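Next come the chains, spelled out residue by residue.
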Amino acid sequence: MKSLWSDQDAARHPSPLALRAYTSRLLGADRTLVLHGGGNTSVKLRERNVLGDEDDVLFVKGSGWDLATIEAAGFTPLRLDYLVRLSKLARLSDPEMVNELQSQRLRASAPSPSVESILHAILPYRYVDHTHADAVLAITNTGDGRSRIEDLYGDDAVIVPYVMPGFDLAKLCAAEFPRQRNARTAGMILMGHGVFSFADSARESYERMIALVDRAERYLKRSKAWSLPRPRPRTAAALLRVDIARLRREISRHAGSAMILQTRQSAAALAFCRRDDVATLATQGPATPDHSIRTKRIAMIGRDVEAYAREYRRYFGRHAKSSAAEKIMLDPAPRVVLDAELGLCAAGRSAKDAAIALEIYEHTIDVILRSSALGGYRALSARDVFDVEYWDLEQAKLALAGRPPELAGEVALVTGAASGIGRACVSALLARGAAVVGLDLKDSVTQLEQRPDFHGVVCDVTSAAAVEDALEQAVRRFGGLDVLILNAGIFPAGTPLAEADLNAWRALMALNVDANVALLKLAHPLLQAAPAGGRVVVVGSKNVAAPGVGAAAYSASKAALTQLARVAALEWGKDAIRVNVVHPDAVFDTGLWTEQVLRARAASYGLSVDQYKTRNLLHAEISSRDVATLVCTLCGPAFSRTTGAQVPIDGGNDRVI
Ligand code: ZN
């Protein structure tokens, strides 16, 4: 491990707080040091308050900030003296501690301070850095971890046994630090948790961290416990989507709401899942307590969610420690599943949460493999493992999370996603909390949104093989399919029936009708496994009820599609799949309608463009967004008792009414 410090970059951060943010980002840049909001850093400064008095202030990382991207505003100023006095109390519950930390903020708008703030306060150095370095955990999380750490660091580090993060840990460190500290002390190793480094300059504190972790990496190399096995990738993976969707349905049922399930079938993940001793390795707790809220204490081996949940409840009942805490019922669904065929699967209430759990567990696998090579992975005692999961602080955070959005944890697929109504549907579904897979012929679909809950696939929906591949990708990425929006279609230039071109007719039917038959058929087993029931919304057209001159092929195709949807509603009601149709008209903010085309069309009716756009009973313009809002509403609770319906969205049309 090498220092990333650059004199040039550091010079651009002249203030002590800016420098604090700079070296924090250097730590955050290495994902083997900290992951997803993990780790924390601080700086102690003297500041003048409005009364003119000088205060000692601890600026500590606030929650919601990630070390990789933190800025000065991400550090919460706290009264240092008060925090040091708190550490001298005999006891303080975690909720009390959180209350004290919140009320000692010197800026009301600052984020909630780290729960490790008191620990930062008691270390008598200006800069303090804290990580959960994989390499150090690989050594501490072994049966003889303590003696290995003592051998490795000698007098250079204070060593603190495992205690759950919070007030008790701060108090233990406050006692151990002065007892063990000597002239060489450069850091502090918390067994089963991570590393602290400290110094009076930002650079030295950061470089001490790098040096401490580098020593751990060298130790692992010397002990032949560094290089990880690199299994050869498997060829031609089997189709997994229906199995994955069924597993997700079970996990969601036990979690009490729809969950995203991200899966990874990498050679490394599959090799770990197929180890003979995987059950032993994966049930000994998280590599560091910080990870447990994402991954849960114990991974599930195989697919028996029922058995996992039963065991979880049994354990919960035995160890529940206070009636107040008992009221916050933990859901008994796993967050990490290790399956010989499906690979590493991670569940979360959002795509982001699932992706975080997945990445954390990939690091956990590395830590476990290295600890195993050292002589055996052992994280925490059963009791400690449980306490971590039952952590008041974490439960309090979950309770604060608030009401989830309407489609949270659900997965939607939109065809024709790159533009017009399809694109508006993607935005509207994301805004309501769904993870979205967008299909389109255009390459731009992959760049439509840069976020963990969107996956764009270039796909010709008239190819059943391409659609099957897209569904496989969608399910491996998000776990299943709840909502299907059939939007892709073409609207050709007007052609009188007498001049009909049969080849053009067939090409239009292939896209507007046949492709949807194939997609509905392939999607059916996935929609059947949707935790809250599947939903299909078909984008029809006003032309179904009120066809237009010159639009024979288009009108007939949308009529066929509507009839198809009605039969699907009839056949799939027993599977709790709802199928409804929207019939838009005069949606002009799509790629089809350039200003030039609009002017020509308006002129042919003897109207201005504005008159032409609003020639409906309500004199309203209809946007793609309006259609997308209706589509989402049809998928939501307002229409939970409706299937087989056709809803116009045309501003009112006397030929339709
Ligand atoms: Zn920590």
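Below or above, wherever it landed, is the structure these notes cover. (Residues numbered from 1 in each chain as written. Predicted model: local features only at pLDDT ≥ 70, side-chain atom pairs only at ≥ 80, totals over all residues. Heavy atoms only, no water.)

**As for the overall build of the protein chain**
Phase 1: The helix and strand tally for the protein chain stands at 25 helices and 18 strands.
Phase 2: On the principal axes, the C-alpha backbone points of the protein chain span a range of 95 × 65 × 50 Å.
Phase 3: Split into buried and exposed, the 657 residues of the protein chain put 54% on the buried side.
Phase 4: Intrachain contacts of the protein chain at a sequence separation of at least 6 include 71% that bridge at least 24 residues.
Phase 5: As displayed, the protein chain offers around 28,400 Å² of accessible surface, 52% of which is attributable to carbon and sulfur atoms.
Phase 6: Charge centroids of the protein chain, computed over 79 positive and 74 negative side chains, lie 2 Å from each other. (Helix = DSSP H or I, 4+ residues; strand = E, 2+ residues; numbered from the N terminus. Buried < 20%, exposed > 50% of the residue type's maximum accessible area, 1.4 Å probe, protein only. Contact = heavy atoms within 4.5 Å. Areas by Shrake-Rupley, 256 points an atom, 1.4 Å probe, with all protein chains shown as cover. Lys, Arg positive; Asp, Glu negative; His and termini not counted. Charge placed at Lys NZ, Arg CZ, Asp CG, Glu CD.)

**Some points on the sheet that holds strand β10 (residues 336-339)**
Phase 1: Read from one edge to the other, the open sheet built from four strands follows the order β8-β11-β10-β9, with strand pairing classed as mixed. Sheet topology places β8 (260-264) and β9 (300-301) at the edges, where each strand pairs with a single neighbour.
Phase 2: The pairing of β9 with β10 spans two bridges and is classified as parallel. Residue pairing across strands places M300 opposite V337, the latter belonging to β10.
Phase 3: The strands touched by helix α10 (residues 241-255) within the sheet are β8, β9, β10 and β11 (343-348), with β8 carrying the most contacts at an inclination of about 140 degrees. (Pairing = 2+ DSSP bridges. Axes fitted to C-alpha atoms, helices over the stretch in contact; angles between N-to-C directions.)

**As for empty space enclosed by the protein**
Phase 1: Counted by the stated rule, this structure contains four cavities of 30 Å³ or more.
Phase 2: Estimated volume of the largest cavity: approximately 80 Å³.
Phase 3: Taken together, 13 residues line the largest cavity, and the ones lying closest to its centre are G285, P286, R297, Y361 and T364.
Phase 4: The element contributing the most residues to the lining of the largest cavity is helix α16 (residues 351-374), with three residues. (1 Å grid on protein atoms, 1.4 Å probe; cavity = no way out; pocket = protein on both sides within 12 Å on 5 of 7 lines; lining within 4 Å. Points joined across faces, edges and corners; volume = space filled by probe spheres on them.)

**With respect to the coordination of the zinc ion**
Phase 1: For the zinc ion, the protein coordination sphere consists of E116 (OE), H130 (NE2), H132 (NE2) and H193 (NE2), at 2.1 to 2.7 Å.
Phase 2: Around the zinc ion sit four donor atoms, and with donor-metal-donor angles ranging over 78 to 163 degrees the site reads as irregular.
Phase 3: In primary-sequence terms, the residues that donate to the zinc ion follow E-x13-H-x1-H-x60-H. Here E116, found in the loop between α4 (94-103) and α5 (117-122), pairs with H130, found in strand β4 (residues 127-131); they are 14 residues apart in sequence, far enough to count as distant.
Phase 4: You can call E116 buried: its relative accessible area is 7%. (Donors = N, O, S within 2.8 Å, 3.2 Å for Na, K, Ca; no water. Tetrahedral: all angles 85-135°; square planar, octahedral: opposite > 155°, others 65-115°.)

**Here we look at the pairing of strand β1 (residues 40-48)**
Phase 1: Judged from the four bridges that link them, β1 and β4 form a sheet pairing that is antiparallel. Bridge pairing in β4 links T41 to D129.
Phase 2: As paired elements, β1 and strand β2 (residues 54-61) share seven bridges and run antiparallel to each other. The residue of β2 that forms the bridge with E47 is D55.

**Things to note about the sheet that holds strand β12 (residues 411-415)**
Backbone-to-backbone hydrogen bonds pair the strands of a sheet. The strands run either parallel or antiparallel.
Phase 1: What the seven strands build is an open sheet, ordered β14-β13-β12-β15-β16-β17-β18; its pairing is parallel. Strands at the two margins of the open sheet, each flanked by one partner only, are β14 (454-458) and β18 (646-649). The mean inter-strand angle of the sheet, taken between neighbouring strand axes irrespective of direction, is 15 degrees.
Phase 2: Sheet topology note: the β12/strand β13 (residues 435-440) ladder contains five bridges and is parallel.

**Quick word on the packing of α10 against helix α20 (residues 464-478)**
Phase 1: Orientation of α10 relative to α20, taken along the N-to-C sense of each, is 35 degrees, at an axis distance of 9 Å. In this structure, α10 meets α20 at a crossing whose hand is left-handed. Of α20, the residues touching α10 (which contributes R241, I244, A245 and R248) are E468, L471, E472, V475, R476 and F478.
Phase 2: Its residues assigned to classes, the contact of α10 with α20 comprises five nonpolar, no polar and five charged. (Left-handed = near helix turned anticlockwise from the far one by under 90°. Nonpolar A, V, L, I, M, F, W, Y, C, P; charged D, E, K, R; others polar.)

**Notes on α16**
Phase 1: With 24 residues, α16 extends 35 Å from end C-alpha to end C-alpha; this agrees with the ideal 34 Å at 1.5 Å per step.
Phase 2: Most of α16 sits out of view: 17 of its 24 residues are buried.
Phase 3: Positioned one or two residues after α16, G375 has a phi angle of 140 degrees, which is positive. (Expected span 1.5 Å × (residues − 1).)

**Considerations on the packing of helix α19 (residues 420-431) against helix α25 (residues 624-635)**
Phase 1: Running from N to C, α19 and α25 cross one another at 55 degrees; their axes reach a closest spacing of 8 Å. When the interaxial angle is binned, α19 and α25 end up oblique. Of the two possible hands of crossing, α19 and α25 adopt the one that is right-handed. On α25, the residues touching G420, I421, A424, C425, A428 and L429 of α19 are S624, R625, V627, A628, V631 and C632.
Phase 2: In terms of residue class, the contact of α19 with α25 is made up of nine nonpolar, two polar and one charged. (Parallel < 35°, antiparallel > 145°, perpendicular 65-115°, else oblique.)

**Some details on the side chain of S205**
Phase 1: Structurally, S205 is set in helix α9 (residues 202-222).
Phase 2: Of the residues examined, S205 reaches a relative accessible area of 0% and is grouped as buried.
Phase 3: Excluding residues within four positions of it along the chain, S205 makes contact with Y127, V128, D129, S197, F198 and A199.

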